[in-house]
Each structure stands twice: as C-alpha cells, then as structure tokens.
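Summary of structural features
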Amino acid sequence: GIQVEQSPPDLILQEGANSTLRCNFSDSVNNLQWFHQNPWGQLINLFYIPSGTKQNGRLSATTVATERYSLLYISSSQTTDSGVYFCAVEGAGAGSYQLTFGKGTKLSVIP
Amino acid sequence: DTGVSQDPRHKITKRGQNVTFRCDPISEHNRLYWYRQTLGQGPEFLTYFQNEAQLEKSRLLSDRFSAERPKGSFSTLEIQRTEQGDSAMYLCASSFSSYEQYFGPGTRLTVT
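The rules behind these values
Residues numbered from 1 in each chain as written. Chains lettered and ligands numbered in written order. Predicted model: local features only at pLDDT ≥ 70, side-chain atom pairs only at ≥ 80, totals over all residues. Heavy atoms only, no water. Pairing = 2+ DSSP bridges. Helix = DSSP H or I, 4+ residues; strand = E, 2+ residues; numbered from the N terminus. Axes fitted to C-alpha atoms, helices over the stretch in contact; angles between N-to-C directions. Phe/Tyr/Trp six-rings, centres within 6.5 Å; stacked < 30°, edge-to-face > 60°. Buried < 20%, exposed > 50% of the residue type's maximum accessible area, 1.4 Å probe, protein only. Lys NZ or Arg CZ within 6 Å of the ring centre and 35° of its normal.

1. A look at the sheet that holds strand E7 (residues 59-64) of chain A
Residue and element names in this part refer to chain A. In spatial order, the strands read E1-E3-E8-E7-E6; together these five strands make up an open sheet with antiparallel pairing. Across the chains shown, the open sheet's two edge strands, defined by having one partner strand only, are strand E1 (4-7) and strand E6 (52-56). Across this sheet, the average inter-strand angle for adjacent strands is 15°, counted without regard to direction. Relative to strand E8 (residues 69-74), strand E3 (residues 19-25) is paired through six bridges, and the arrangement is antiparallel. Looking across to E8, one finds that Thr20 is bridged to Tyr73.

2. A short note on the packing of aromatic side chains
Taken as a whole and judged by the stated rule, the model has 13 aromatic pairs over all chains. Aromatic pair Tyr97 of chain A and Tyr48 of chain B: ring centres 4.5 Å apart, planes at 15°, arrangement stacked. Taken as a pair, Tyr97 of chain A in the loop between strand E9 (83-91) and strand E10 (100-101) and Tyr48 of chain B in strand E5 (residues 44-50) lie in two separate chains rather than in one. Each member of the pair, Tyr97 of chain A as well as Tyr48 of chain B, carries the same accessibility label: buried. Judged by centre distance (5.9 Å) and plane angle (80°), the rings of Phe101 of chain A and Tyr35 of chain B are edge-to-face. Pair noted here: Phe101 of chain A is in strand E10 and Tyr35 of chain B is in strand E4 (residues 31-37), and the two residues belong to different chains. Each member of the pair, Phe101 of chain A as well as Tyr35 of chain B, is classed as buried. Among the aromatic residues, those joined into a ring-pair cluster are Phe35, Phe86, Tyr97 and Phe101 of chain A together with Tyr33, Tyr35, Phe45, Tyr48 and Phe103 of chain B. Lying over the aromatic face of Tyr69 of chain A, Arg22 of chain A brings its terminal NZ or CZ to 4.3 Å of the ring centre.

Following this line, the structure appears as structure tokens:
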C-alpha cells in the first residue's frame, strides 16, 4: 500500500516563529488532507489539498502531486498551535478509499 | 451541520466483555469509515461503508471485530471478547464520495 512519511517527528518553537512540516508519499493520490489533533484526540481538518496551494489565516499548504510531497506552513506560531499534525492520503489506485496516515509531527510552541 | 458524533466518548471494560460503539455521520454523507488509533501512532483504517454496503472489511483486526450500518445511517462497531490489546481510540469518519473526510471525537476504550 501507499506509504506516508512526515518530518520532522518533533518540533519545538518559540511563540511567534514560523515552521514548515513536510509529508512525502509513495504513490499517486486522489486525496490529501492535513489534520491537527488536539489534546483530547479530536482530529481537526486543516486542508483538503490533493494538489495546489491553499491558505487559511496563518496556515497554508502546498501539494506538488507530481513530486509526491506536501508542505504545511505555520506562521507566527501560537501556543494553541501545539499538538500533533497529521498528513493523510487516499491512494489513486483501484479500490483505494481509506486514508493512510503518517506518524505525525508533534509540535510544541513555548511562550 | 452538527458534525460526526460518537458515543460513548469513554468506555472502560473488563477483559472478555463485549463492547459496542456508535457513530452518527454527517447527514448528507454517503461514506462512513472506522479507524483505530493507538498511542503515538496515526489512525489506522479498519472498515468502510458506502450507504449501507460494507465494501471493505478485510482490515478489521480479527473476527472479534464487526461493524454494521443499517439503512445507511448510523453505524456500530462491536468488539467481542475484548483483550487488553484492544485498548485504543476508535475513530469514525464520514465523507461525500471520495472527498474530504470529517472525523468524530472518538471513543477511548480501556480494557482492564
């Protein structure tokens, strides 16, 4: 099946700093989503971005499908940005419908 | 739009007991998914419904796990004869066709 690798696994930032999280995937995809998992376990949708670039406030994401990677940018980080960020993909092959998740990037933003 | 809901949010059970979890998807979504998440890992796919049809169940972890979606609405996930290794967060998601999946808050299962 499709493989998803996220980097870095852990990231510590000073409040106000910017960061880039990376997601590499091993095959063509129909769907790519970025999530933020809060301390209570809820997965919060950040972006649905199988290709192209999107922005939402301080967050933006870019997926280059032909090169099989996606980037999540966080600018002017805040302590509330802390948590685990997951990239998840749905492969483009026949019978693919589920999301395959990476292991996540654990972000800690310190005041 | 009230989002995906799951019940219960927490379940503590003794080894060997059966448990059942419920998921109510977003009303206009025709696809429903179950995932399991263990500590430090990303969610792992278990099974998937399109309307009332269960189109993939080979990824259910053992024959002790089963899922239903009667009438294509809510879904239940049952684990029979629970084991300590079943302790995890069980997540439900829904989508309209192959578009964006939305997740519920999860049911955290603890098997003692």
